[in-house]
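Summary of the model geometry
Each chain, written out:
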Amino acid sequence: MKLAKLLTSTLAVASVVLSAGIASAQTAPTTATTQEAATRGMNGSYLGAGASAGVTNGGRDNDAALFGGNIQGRFAVPNAPVSLRGSVLFGGDSTAAMPLLTYDAPIAKNTNVYIGGGYSFQTDEGKASQLGNQNAPVVTLGAESEVAKNVIVYGDAKWGIDAYQGSDADAVSLQTGVGFRF
């Protein structure tokens, strides 16, 4: 069952990433200038903080949906459409820490959408966090935009696959925050 869920989620992520890659590889209309193309998307790395809400539970004690905070960061890989990200969700009985790799697609001036995956490590397995109560693979989908000089707003959803002990339930968490670009 776990293998089927992991395979399904991997195929879903791959199809989204590949379709975004195909769309970005298509030639731009002749009316677009090089300068316009250069102003699309957001470059740079940032560190931010904000709110986080678990919206699922595993159906047992000590795995209820929780509200808390998040610290998130992005390290943009130079000359590549990918980023290394880190996220920490706190405020429950356990803290979830996640290293993530994402594909970043520019959608407007200073704005990206991203999709990727990683792994959630719980500081105290069996205790509730916003993303379940056990270590698990994670898929993320989000957006980020520079709203003022070096000020970033971000929001994303994280899906923890089989993220509850003693349950087949998956966990979903929603995050939003403000960051400083450096």
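The text that follows walks through the structure, step by step, so that each part is easy to find. (Residues numbered from 1 in each chain as written. Predicted model: local features only at pLDDT ≥ 70, side-chain atom pairs only at ≥ 80, totals over all residues. Heavy atoms only, no water.)

**A word on the overall build of the protein chain**
In plain terms, the rule: Only runs of H or I of at least four residues qualify as helices and only runs of E of at least two qualify as strands under DSSP, and these elements are numbered from the N terminus. Relative accessible area decides the class of each residue, using a 1.4 Å probe on protein chains only: under 20% of the type maximum gives buried, over 50% gives exposed, and in between gives partly exposed. In this description, contact between two residues means that some pair of their heavy atoms is separated by no more than 4.5 Å.
When helices and strands are tallied, the protein chain shows 2 helices and 8 strands. Listed N to C, the secondary structure of the protein chain is α-α-β-β-β-β-β-β-β-β in terms of helices and strands. For the protein chain, buried positions account for 38% of its 182 residues. Once local pairs closer than 6 in sequence are excluded, the contacts in the protein chain between residues at least 24 apart make up 54%.

**Things to note about the packing of aromatic side chains**
Defined as follows: Think of it this way: a Phe, Tyr or Trp ring, Trp meaning its six-membered ring, pairs with another when their centres are within 6.5 Å, and the plane angle makes it stacked under 30 degrees, edge-to-face over 60, tilted otherwise. Counted as over-ring charges are cases with an Arg CZ or a Lys NZ within 6 Å of the ring centre that also lie within 35 degrees of the ring normal.
Under the counting rule described, the total for this entry stands at 2 aromatic pairs. The aromatic ring of Y114 is capped on one face by R85, whose charged end is 3.7 Å from the ring centroid.

**Remarks on the pairing of strand β7 (residues 151-160)**
Condition: Strands pair, by our definition, only if DSSP identifies at least two bridges between them.
A one-sided burial pattern is seen for β7, the buried positions being I152, Y154, D156, K158 and G160 and the unburied ones V151, V153, G155, A157 and W159. Two strands pair when backbone bridges link them, and strand β6 (residues 136-148) and β7 are joined in this way by 10 bridges, in the antiparallel orientation. Within the sheet, the bridge partner assigned to V139 lies in β7 and is W159. Linking β6 to β7, which pair antiparallel, is a turn of 2 residues; within it N150 sits at a positive phi near 65°. Judged from the 10 bridges that link them, β7 and strand β8 (residues 171-181) form a sheet pairing that is antiparallel.

**Some remarks on the nonpolar core**
Put simply, the rule reads: What we call a nonpolar core is a set of buried Ala, Val, Leu, Ile, Met, Phe, Trp, Tyr and Cys residues that are connected through their side-chain atoms within 4.5 Å.
Formed by L89, A96, M98, L100, L131, A136, V138, A163, Y164 and A171, the largest nonpolar core amounts to 10 residues. Secondary structure elements with two or more residues in this core: β4 (96-108) and β6. Per-element tally for this core: the top contributor is β4, with 3 residues.

**Section: the side chain of R85**
Note the threshold: As used in this structure description, the phrase polar contact means that two N or O atoms lie within 3.5 Å; if the pair is within protein, one of them must be able to donate a hydrogen and the other to accept it, and residues adjacent in sequence are counted only when both atoms belong to side chains.
As for its placement among the helices and strands, R85 is situated in strand β3 (residues 82-90). At 3.2 Å, the side chain of R85 and the side chain of D104 are in polar contact. Separated by 3.0 Å, the side chains of R85 and E144 make a polar contact. Other than its neighbours up to four places away in sequence, R85 contacts Y46, G73, R74, M98, P99, L100, T102, D104, Y114 and E144.

**Quick word on the pairing of β6**
Looking along a regular strand, one sees the side chains alternate between the two faces of the sheet. Two strands pair when backbone bridges link them, and strand β5 (residues 111-122) and β6 are joined in this way by 10 bridges, in the antiparallel orientation. From the neighbouring strand, Y119 faces β6, where its bridge partner is P137.

**Regarding the sheet that holds β6**
The pairing of strands in a sheet happens through backbone hydrogen bonds and is either parallel or antiparallel. The condition is simple: Axis angles are defined between N-to-C directions and span 0 to 180 degrees, where every axis is a line fitted to C-alpha atoms and, for a helix, only to the segment in contact.
Strand order in this closed barrel of 8 strands is β1-β2-β3-β4-β5-β6-β7-β8, and the pairing throughout is antiparallel. Neighbour-to-neighbour, the strand axes of the sheet open up by a mean angle of 25°, direction not taken into account.

**Quick look at the pattern of salt bridges**
Filter applied, for reference: Salt bridges are defined as contacts in which a side-chain nitrogen from Lys or Arg sits within 4 Å of a carboxyl oxygen from Asp or Glu.
Enumeration according to the criterion identifies 6 salt bridges in this entry. The salt bridge involving R74 is made with E144; its shortest N-O contact spans 3.5 Å. Separated by 70 residues along the polypeptide, R74 in strand β2 (residues 67-76) and E144 in strand β6 bring together distant segments of the chain. The class of E144 is buried, set by a relative accessible area of 1%. The closest approach of N and O atoms between E144 and R85, which form a salt bridge, is 3.0 Å. Here E144, found in strand β6, pairs with R85, found in strand β3; they are 59 residues apart in sequence, far enough to count as distant. For R85, a relative accessible area of 8% puts it in the buried group.

**Examining a nonpolar patch on the surface**
What counts is decided by this rule: A patch consists of residues exposed above 30% relative accessible area that lack any salt bridge, with like charges linked at up to 9 Å and nonpolar side chains (Val, Leu, Ile, Met, Phe, Trp, Tyr) linked at up to 5 Å. Residue exposure ignores everything except the shown protein chains as possible cover, and the areas themselves are Shrake-Rupley values with a 1.4 Å probe.
A surface patch of nonpolar side chains, about 590 Å² in accessible area, is lined by L47, I71, V88, F90, F180 and F182. Within the element layout of this structure, I71 appears in strand β2.

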